[in-house]
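Letter by letter, the chains look like this.
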Amino acid sequence: MKIDRRNFLTYTTAAVLGGAAGSMLTPAPWKLMDDVSIWTQNWPWTPVPEAGPVTHKQSACTLCPGGCGINVRFVGTRPVKIEGLKDHPVNKGSLCPMGLSGLQYVYGPDRVGSPLKREGKRGEGKWKKITWNEALTAVTDKLASLRKSENPQSLACITGSSRGTLPSLIGRFLTVYGSPNLLRPATVQDANEQALFLTQGKQGTLGFDIENADFILSFGSGILDGWGSPGRMFRLFGTRKSEQRIIQIEPRLSNTAAKASRWIGINPGTEGALALGLAHVIIKESLYNKNFIEKFTFGFNDWTDDAGITHTGFATLVEAYSPEKVSQITGIPKPLIESLAREFAASPRPLAINGRGQGTLPGSIDESLAMQSLNALTGNINQIGGIYIVPEQTYAKWPDLGMDATASKGMQQPRIDGAGSDQFPNTRSLLNRLPGLINSVKGDSPVQALLVVDANPMYTLPDTAATRKAFDKIPFIVSFSSYMDETAAYADYILPDHANLERYQDIPTPAGMAHQTITLATPVIEPLYDTKHTGDALIHIAKSLGGFVEEAFPWDDYETFLADTLQDHWSDLKEKGVIEISPDSKDSAVLSFNTASAKYEFCPAAATRQGSKDSNAPSAYTPAAIEGDEKRFSLLLVPYDSIRLSGEQIANSPFMTKTVEATVLKKQMTLVEINPKTAKTLALKEGSKAVLTTPKGKASVIVHLYEGIMPGLIALPRGLGHTAYSEFLAGKGTNTNDLIGSVEDPASGFDMAWGIRAQLSKA
Amino acid sequence: MKEKNDYEHSKRYGMVIDLDKCTGCGSCMIGCYTENNVPFKADETNKLDSINWIQVYKLTNGKPYPETEISYLPMPCMQCDGEGKLGHSPCVSVCPAVATDYDYSTGIVSQIYTRCFGCRYCMAACPYHARKFNWWDPVWPADMEKYLSPDVSPRMRGVVEKCSFCFHRYQLARNKAYYENRQTEELGEDEYQTACAEACPTGAITFGDLNNKSHAVYQLKNSPNAFRLLERLETNPKVYYLSSKKWVRRQGDNYLANEEPGLIKKIDKQHH
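Residues numbered from 1 in each chain as written. Chains lettered and ligands numbered in written order. Predicted model: local features only at pLDDT ≥ 70, side-chain atom pairs only at ≥ 80, totals over all residues. Heavy atoms only, no water.

## A word on the overall build of chain B
A count of helical and extended segments in chain B gives eight helices and eight strands. Here the C-alpha atoms of chain B give a radius of gyration of 19 Å, agreeing with the 19 Å that 2.2 N^0.38 yields for 272 residues. Taken along its principal axes, the extent of the C-alpha atoms in chain B is 50 × 45 × 35 Å. Across the 272 residues of chain B, 58% fall into the buried class. Of all intrachain contacts in chain B linking residues separated by at least 6 positions in sequence, the fraction that spans at least 24 positions is 63%. Accessible surface, chain B as shown: approximately 11800 Å² in total, 53% of it carbon and sulfur. (Helix = DSSP H or I, 4+ residues; strand = E, 2+ residues; numbered from the N terminus. Rg over C-alpha atoms; globule rule 2.2 N^0.38 Å. Buried < 20%, exposed > 50% of the residue type's maximum accessible area, 1.4 Å probe, protein only. Contact = heavy atoms within 4.5 Å. Areas by Shrake-Rupley, 256 points an atom, 1.4 Å probe, with all protein chains shown as cover.)

Okay, here's the thing in structure tokens:
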């Protein structure tokens, strides 16, 4: 057959059609299609979580100092969920996003799984896995050599807090070793503690009976943004009585401001002036608690000392803070100041609370004193709905310390940070001063070895560049972090601690609580990796150092130490997980003060007033010397706190970062909030890329227009801009500490920098 | 065979969210993630591909400083009853695979991942953006697979997922009731609660049977401050919101300048 074009097409078509028709008669395509669809329904890579009997174990959250009770749900031996513990006195079942995502910290990619020794340059990320024996020996050898060279005070230790038994153990270790340099960040609790000591002569923390107050005047405290114990604060808000009023004073419409009965915008940093202005009106209109003022206070009116010198009383001092003047300083209209003062004084149980945002910035002592004076004017001291002194946790007495000559000599050296010196006699720790002091020393750093426990100073200290420079001068840095945070990433050795849920930790009364509690976080799971409790690591090092250092630690391990230290409470705590200690409600205790006058002193003693010419001048309003030239930097940068972000030593979980709004973080860039009016003057629009410049540094940001912020301000969220950790957090946005430095309070040395001058320009 | 709609006697689980109590903390979202094995990625800032069964939105009254107000609005799946409350919710009506269905005994709209083939008609039909698509296979880095719950199967690339009102918790409660020789009708209010309601630290979310007079939601939904989203569409959501602020209630639907919020509720009553 001749094959021409026509034939070819005909036969081919016939063959194709025939073939197609033929194949339809066979089951092959149907079977194949069925197989394909079954195959596409197989997902061998999708995990099938193992089932098992469901049980619950109770413990406490240790991710922030909030001390909330948690209930961990187990399936078999696996914990699958953390929920709030309903009958815990602090949080009563409520938990914050961080606590709820607690399992991500245990199982997540940020854990340090074994002791590590740095291989490459600092911060390069090259590590060698070493054994615990090698790690502990390395640290012991270094510490032994510092003692040998009669230089024990050059060992410093940075902890996250001074509260609880682990910091006490570290304190004991440093003392017997011979170093006074136990440092930790100060918070508003420290400023309030000092204010308490000055006015009432008592040591203790300031508790706020928010449960029973009916008029809460919050000077920028983010009571719904992570202030105090977040679990407690959320619970209180949800169950508050309808007559409770919350007045929120701050320049930005925060979540707290949004939920408050009233939000009052104020020029940033001028809250202290407002407090004095309110006191002015209350005194001028005679609205204060006369019984309390007359019988239980000192220094309300002018007074003359034994030497015949007349001193200014509080009533005279606040005369200078007329509503007109305060209105000029704060930007709050005069009638509003007056009506606010009247409402505050007229309420049966008014309460002034302080600490900006989450209260991580201590602020000045003057500010604390001014705000506490409002509680004193209404006589709301140790009263229901008022402020309470929560006594410091007392522990069982440990065996006496024997100290050798090296240790005694070391302990006689002044602290590096100047805390407790003549300049700052009442201050316990000034970590914020450390980088500056190290950097100002020519030659060798006064810190030759640094231990970092439950802290991440490379991220949380203001002025990151200065901190890095200071750390570069420290030859030996050991991090005890459970996670690869900024400081761990910059350390020479990492001796990883167990994570939350894996370790014992006692939690004293959380910030802001009005009565004393002790909570015990009990391990509910076995440690996942080759980690060691820092308490155990330190006891081991102490024992290896020998001599008096060894003798100071007769305990086999941290658990024995803890049981011994908590003595009477230990069995109770192991059984119940929490102990409540009711406040002393006897009248004698309520209104007894340990000051020189045995009264509440409005005008505290001279020692704190270093910065003032009149050494006996009472507290007043002195604005913080915010950095930056007004002409070059026409705007003010203020950091803000959010409950979905953590700016503290334990960073965000992946779940927390997932909840962050698209108006806060976009890909790798932070959005800054500015008022549309301000944006207009800068020719910036929603979504514009911009460069944020401050005297401390620069950052690329995206502009977000927000009506809820005072014109002239730029708001930047705290808790972003990590350089360490895994891809779920690293490289996202800007760290506020890169752009903001520390400003010292002349009276206490505390950081009072609520912001910095800044400029925003189109990129 | 379609089940019969015994609307008066069946359970109708629903939610009342008090926006006056919602602080925007995001705990409901995280409570949901951990309960329902919701995955996460390194970059979750593109909210269009971020999987959330409940998502907290931020509303503003748009007024200049200092008159500005904001309110948060958590949005789970609205579990629509559909027009005439017959179970014709927008997504169920369009699903070609019966991967999503209306359960007449509880009023809960299900999602069956292994049936879903990812056409996303339901996402287009849903007026509330409650449905999310798995563009990627989920990955739990490090040892995170160890904390996954066996009560909810992890999803895979190519399927749609959404809030189930924690239906597995209903199943567990029901099983327990059967085991104890009780009827499902006798399930107590606290025996079946969603994870978000339990996680909300201020107690803004109330969950229960809208048909049961003894459940808190029954009264709450009749509050003068109660509203639902886009009521005009007659999707009949079972999620109600409470807000004392009129500007918030106004944002619940596309009101004309001369219309008042609450108007639709009145029309609804006249109709039925």
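## Describing the overall build of chain A
The number of helices and strands found in chain A is 27 helices and 30 strands. Relative to the globule expectation of 27 Å for 763 residues, the C-alpha radius of gyration of chain A, 30 Å, shows essentially globular dimensions. Dimensions of chain A, computed from C-alpha atoms along their principal axes, come out at roughly 135 × 70 × 55 Å. Within the span of chain A, comprising 763 residues, buried residues form 60% of the whole. When the accessible surface of chain A is summed, it comes to about 29600 Å², and 53% of that surface belongs to carbon and sulfur atoms. If the 75 positive side-chain charges of chain A are averaged to one point and the 78 negative ones to another, these points end up 8 Å apart. (Lys, Arg positive; Asp, Glu negative; His and termini not counted. Charge placed at Lys NZ, Arg CZ, Asp CG, Glu CD.)

## A closer look at the sheet that holds strand 4 (residues 116-118) of chain A
Residues and elements named next belong to chain A. The mixed open sheet is built from seven strands, whose spatial order is 5-4-19-18-17-6-7. The open sheet has two edge strands, strand 5 (127-129) and strand 7 (182-183), and neither has a second partner. Bridge analysis of strand 4 against strand 5 gives three bridges, and the strand direction is antiparallel. Among the inter-strand pairings, leucine 116 is bridged to a residue of strand 5, identified as lysine 129. (Pairing = 2+ DSSP bridges.)

## Brief notes about the interface of chain B and chain A
With 65 residues of chain B at the contact, the number on the chain A side is 65 residues. For the pair chain B and chain A, the summed buried area comes to about 5400 Å², and 58% of that belongs to carbon and sulfur atoms. At the junction of chain B and chain A, the tally comes to six salt bridges. Residue arginine 169 of chain B is joined to glutamate 83 of chain A by a salt bridge in which the shortest nitrogen-to-oxygen separation is 3.2 Å. Inspection of the region where chain B meets chain A yields 28 residue pairs in polar contact (both at pLDDT 80 or more). Only helix 1 (27-35), strand 2 (55-60), strand 3 (70-75) and helix 5 (195-199) of chain B provide two or more residues apiece to the side of chain B that touches chain A. Looking at the side of chain B that touches chain A, the element that brings in the most residues is helix 1 of chain B, giving seven residues. When grouped by side-chain class, the residues that make up the side of chain B that touches chain A number 29 nonpolar, 16 polar and 20 charged. (Buried area = accessible area lost by both parts, 1.4 Å probe. Salt bridge = Lys/Arg side-chain N within 4 Å of Asp/Glu carboxyl O. Polar contact = N/O pair within 3.5 Å; in protein donor to acceptor, adjacent residues only side chain to side chain. Nonpolar A, V, L, I, M, F, W, Y, C, P; charged D, E, K, R; others polar.)

## Describing helix 1 of chain B
Residues and elements named next belong to chain B. Among the nine residues that make up helix 1, nine are buried, leaving the element largely enclosed by the rest of the structure. Buried within helix 1 are the following residues: Ser27, Cys28, Met29, Ile30, Gly31, Cys32, Tyr33, Thr34 and Glu35. Positive phi shows up at asparagine 37, right after helix 1, with a value of about 50°.

## Side note on the domain arrangement of chain A
How big an interface is tends to be stated in terms of accessible area lost as the parts join. Entries for chain A in the domain assignment read domain 1 (5-40), domain 2 (116-188 + 412-500 + 533-567), domain 3 (210-385 + 586-608) and domain 4 (635-762). Here the C-alpha centroids of domain 1 of chain A and domain 2 of chain A sit 76 Å apart. (Domains from an automatic or database assignment.)

## Structural notes on the nonpolar core
Core analysis: the biggest nonpolar cluster contains 189 residues, and Leu217, Phe219, Phe314, Leu374 and Leu377 of chain A together with Tyr241 of chain B have the highest contact counts within it. The leading source of residues in this core is helix 10 (residues 271-284) of chain A, at nine residues. Tyrosine 241 of chain B has contacts with Ile17, Leu19, Leu73, Pro74, Met75, Pro76, Met78, Asn225, Ala226, Phe227 and Leu229 of chain B, leaving out every residue within four places of it along the chain. (Core = buried A, V, L, I, M, F, W, Y, C linked by side-chain atoms within 4.5 Å.)

## Considering the packing of aromatic side chains
All names here are of chain A. Across all of its chains, the model carries 35 aromatic pairs over all chains by this definition. Measuring from ring centre to ring centre gives 6.1 Å for phenylalanine 215 and phenylalanine 344, while their planes differ by 75°; the resulting arrangement is edge-to-face. With a gap of 129 residues between them, phenylalanine 215 in strand 9 (residues 215-218) and phenylalanine 344 in helix 14 (residues 334-346) connect regions that are remote in the sequence. The burial state of phenylalanine 215 is the same as that of phenylalanine 344; both residues are buried. (Phe/Tyr/Trp six-rings, centres within 6.5 Å; stacked < 30°, edge-to-face > 60°.)

## Some details on the sheet that holds strand 1 (residues 13-18) of chain B
All names here are of chain B. Strands sit in the order 6-1-8-7 across an open sheet of four strands; the sheet is mixed. Each end of this open sheet is capped by a strand with a single partner; those strands are strand 6 (205-209) and strand 7 (226-227). The sheet contact formed by strand 1 and strand 8 (residues 239-242) spans four bridges and is parallel. Bridging across to strand 8, aspartate 18 finds its partner in leucine 242.

## Notes on the packing of helix 5 (residues 132-148) of chain A against helix 6 (residues 165-177) of chain A
Residue and element names in this part refer to chain A. Packing of helix 5 against helix 6 leaves a shortest axis separation of 11 Å and a crossing angle of 40°. Taken together, the axes of helix 5 and helix 6 are oblique relative to one another. From helix 5, Leu143, Leu146 and Arg147 reach across to helix 6, where they touch Phe173, Val176 and Tyr177. Residue classes in the contact of helix 5 with helix 6 are distributed as five nonpolar, no polar and one charged. (Axes fitted to C-alpha atoms, helices over the stretch in contact; angles between N-to-C directions. Parallel < 35°, antiparallel > 145°, perpendicular 65-115°, else oblique.)

## Here's the deal with the pairing of strand 1 of chain B
All names here are of chain B. Counting buried positions along strand 1 yields six of six residues, so the element is predominantly enclosed. Burial along strand 1 is two-sided: Tyr13, Met15 and Ile17 and Gly14, Val16 and Asp18, pointing in opposite directions, are all buried. Here strand 1 pairs with strand 6 via five bridges, running antiparallel. Within strand 6, the residue paired with glycine 14 across the bridge is glycine 208.

## Some words on helix 4 (residues 167-179) of chain B
Each full turn of the α-helix corresponds to 3.6 residues, which orients residues three or four apart in the same direction. Relative to the 18 Å expected for 13 residues at 1.5 Å per residue, helix 4 of chain B spans 18 Å between its end C-alpha atoms, a close match to the ideal helical length. Buried residues belonging to helix 4 of chain B abut strand 2 (69-75) and strand 3 (78-84) of chain A together with strand 1, helix 1 and helix 5 of chain B. (Expected span 1.5 Å × (residues − 1).)

## Points about a nonpolar patch on the surface
On the surface, Ile3, Phe8 and Leu9 of chain A cluster together into a nonpolar patch covering about 320 Å² of accessible area. Looking at the element boundaries, leucine 9 of chain A is found in helix 1 (residues 5-25). (Patch = residues over 30% accessible without salt bridge, like charges linked within 9 Å, V, L, I, M, F, W, Y side chains within 5 Å.)

## Re the pattern of salt bridges
This model, assessed by the stated rule, comprises 54 salt bridges over all chains. Here glutamate 211 of chain A and arginine 232 of chain A are joined by a salt bridge, their closest N and O atoms 2.9 Å apart. Separated by 21 residues along the polypeptide, glutamate 211 of chain A in the loop between strand 8 (205-208) and strand 9 and arginine 232 of chain A in helix 8 (residues 230-239) bring together distant segments of the chain. Accessibility expressed as a relative area gives 31% for glutamate 211 of chain A, which makes it partly exposed. Here the salt bridges share partners, and the residues they tie into one network are Arg73, Lys81 and Glu83 of chain A together with Glu35, Asp151, Arg169 and Glu198 of chain B.

## Brief notes about unusual backbone geometry
Of note, the amide linkage connecting tyrosine 65 of chain B to proline 66 of chain B takes the cis form, showing an omega dihedral of -5°. Position of proline 66 of chain B among the secondary structure elements: in the loop between strand 2 and strand 3. Despite not being glycine, glutamate 150 of chain A has its phi angle at roughly 55°, a positive value. Along the polypeptide, glutamate 150 of chain A turns up in the loop between helix 5 and strand 6 (155-159). Given the relative accessible area of 38%, glutamate 150 of chain A is considered partly exposed. The backbone of leucine 501 of chain A shows a phi angle near 75°, a positive value even though the residue is not glycine. With respect to the element layout, leucine 501 of chain A can be found in the loop between strand 19 (493-494) and strand 20 (505-507).

## Here's the deal with the environment of valine 16 of chain B
Residues and elements named next belong to chain B. Mapped onto the fold, valine 16 is located in strand 1. The exposure class assigned to valine 16 is buried, which follows from its relative accessible area of 1%. Sequence spacing of valine 16 and valine 217 is 201 residues, and the spatial spacing of their C-alpha atoms is 6.1 Å. When near neighbours in sequence (up to four residues on either side) are disregarded, valine 16 contacts Ala204, Ile205, Thr206, Val217, Leu220, Lys221, Tyr240 and Leu242.

## Quick notes on the packing of helix 5 of chain A against helix 21 (residues 534-545) of chain A
Residues and elements named next belong to chain A. In the contact formed by helix 5 and helix 21, the axes pass within 10 Å of each other and the chain directions differ by 55°. As judged from the angle between their axes, helix 5 and helix 21 are oblique. Where helix 5 crosses over helix 21, the handedness of that crossing is right-handed. In this structure, helix 5 uses Trp132, Leu136, Val139, Thr140, Leu143 and Ala144 to contact helix 21, whose residues at the interface are Ala537, His540, Ile541, Ser544 and Leu545. (Left-handed = near helix turned anticlockwise from the far one by under 90°.)

## A word on the side chain of threonine 736 of chain A
Residues and elements named next belong to chain A. Relative to the helices and strands, threonine 736 resides in helix 27 (residues 736-739). Look at threonine 736 and you get buried, because its relative accessible area is 4%. Ignoring anything within four residues of it in the chain, the contact list for threonine 736 reads Pro639, Leu716, Pro717 and Arg718.

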